Amino acid sequence: DSLMETLPWYGNNEVLDSFISVGLKRVKDSLTLSVRSNSNACPEINELIFIPIQFFWVLAENESPPTSRQIKNIIDWINIFYQNNGLPFRFFSGCPLELRDEDHLVINNYTEAYFMYLGLHHNSAINVYVVDDIVDALGVYNPLGDFIYVTKKIFTSQGDASTLSHELGHFFGLALIFYYFLVF
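In this text, all values refer to a predicted model and were calculated from it rather than measured experimentally.

Peer 1: Teacher, can you tell me more about the packing of aromatic side chains here?
Peer 2: Geometrically, a pair of aromatic rings is defined through the distance of the ring centres and the angle of the planes. Scanning the entire structure with this criterion turns up twelve aromatic pairs. Relative to Y129, the ring of F56 lies with its centre 4.7 Å away and its plane at 15°, an arrangement referred to as stacked. Highlighted residues: F56 in strand β2 (residues 47–59) and Y129 in strand β6 (residues 126–131), separated in sequence by 73 residues. The two residues F56 and Y129 agree in class, both being buried. A ring pair is formed by Y82 and F91, whose centres lie 5.2 Å apart and whose planes are at 75°; its orientation type is edge-to-face. Residues Y82 and F91 agree in their burial class; the two are buried. Among the aromatic residues, ring-to-ring pairing joins F81, Y82, F89, F91, Y141, F171 and F172 into one connected group.

Peer 1: Just to check I follow, could you spell out the side chain of D160 for this structure?
Peer 2: As for its position among the elements, D160 is in helix α5 (residues 158–171). Within the structure, the side chain of D160 is placed 2.8 Å from the side chain of K153, a separation counted as a polar contact. Ignoring anything within four residues of it in the chain, the contact list for D160 reads K153 and I154.

Peer 1: Is there a simple way to explain α5 in this structure?
Peer 2: In an α-helix, one full turn covers 3.6 residues, which means residues spaced three or four apart are oriented alike. Taking 1.5 Å as the rise per residue, α5 with 14 residues should run 20 Å; its terminal C-alpha atoms sit 20 Å apart, in good agreement. Counting buried positions along α5 gives ten out of 14 residues, so the element sits mostly inside the fold. Among all positions in α5, only D160, A161, T163, L164, S165, E167, L168, G169, H170 and F171 are buried.

Peer 1: Explain the pattern of salt bridges to me, please; I cannot follow it from the model alone.
Peer 2: Should the charged atoms of two oppositely charged side chains come close, the side chains can pair. Scanning the entire structure with this criterion turns up five salt bridges. With a closest N to O distance of 3.1 Å, R100 and E98 form a salt bridge. The class of R100 is partly exposed, set by a relative accessible area of 37%. Judged by relative accessible area, which is 42%, E98 ranks as partly exposed. Beyond isolated ion pairs, a larger network of salt bridges with shared partners links E63, D132 and K152.

Peer 1: It is not clear to me how the confidence of the model for the protein should be interpreted in this structure. Could you clarify?
Peer 2: Do not read the fine detail of predicted coordinates wherever pLDDT is low. Confidence along the protein averages 76 in pLDDT terms, with 70% of residues attaining 70 or more. Across residues 179–184, confidence stays below pLDDT 50; counting only partners more than four residues off in sequence or on other chains, it has six contacts.

Thresholds, definitions, all that
Every chain is numbered independently, its residues counted from 1 as its sequence is written. With the structure being a predicted model, the display of local features is reserved for residues of pLDDT at least 70 and the display and counting of side-chain atom pairs for 80 or more, all residues being used for whole-chain, interface and lining totals. The basis for the side-chain values is all heavy atoms of the structure; hydrogens and waters are excluded. Aromatic rings from Phe, Tyr and Trp, with only the six-membered ring used for Trp, were paired whenever their centres fell within 6.5 Å, and each pair was classed as stacked if the ring planes differed by under 30 degrees, edge-to-face if by over 60, and tilted otherwise. Helix and strand assignments follow DSSP, with helices taken as H or I runs no shorter than four residues and strands as E runs no shorter than two, numbered in order from the N terminus. Per-residue accessibility, obtained with a 1.4 Å probe over protein chains only, is compared with the maximum for each type, and a residue is labelled buried under 20%, exposed over 50%, and partly exposed between these values. Counted as a polar contact is a pair of N or O atoms within 3.5 Å, where, for protein atoms, one must be capable of donating a hydrogen and the other of accepting one, and residues adjacent in sequence contribute only when both atoms are in side chains. Only heavy atoms enter the contact rule, under which two residues are in contact if any of them lie within 4.5 Å. In this scheme, a helix's expected span is set at 1.5 Å multiplied by one less than its residue total. We define a salt bridge as a side-chain nitrogen of Lys or Arg found within 4 Å of a carboxyl oxygen belonging to Asp or Glu. Every residue is assigned a pLDDT by the predictor, reflecting its confidence on a scale from 0 to 100.

Pasting the structure below:
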């Protein structure tokens, strides 16, 4: 509890309100989206914002693509996370795109990931690249290209799927916790 009390948003709903406002502005400015009326946990936001995610699966030559069940599970898991936290975002995805590229099964740094993004991305969705491994991480938000890359492991359980929820938070402008400890 004492560690939680050191977080900048502990007992300070303005931080989360700001997160929602910045996220909504960012979505309106950047993405094609769908809005539906709903009774939301946030009374000042009475609509759900549906946000597209485009998955790019980086596969080895003979590797099978993801199943529709894997895609449905990850979308359900991140939507549950955002719903349980009272946020008005819901995500959806169409068919994942396959990228047969042995050179990018393992991502070693931001630059390598950025070149993969330049080669293939979707302008009207949050781009999420799914690779075998990322050096020292399960997922990373890359602000240079404004995309996310994650490992295939996050598609195996709801606990591991929280990695994508975490990286989506960075996409919407939420900073890392340790940043506050370094700055303040």
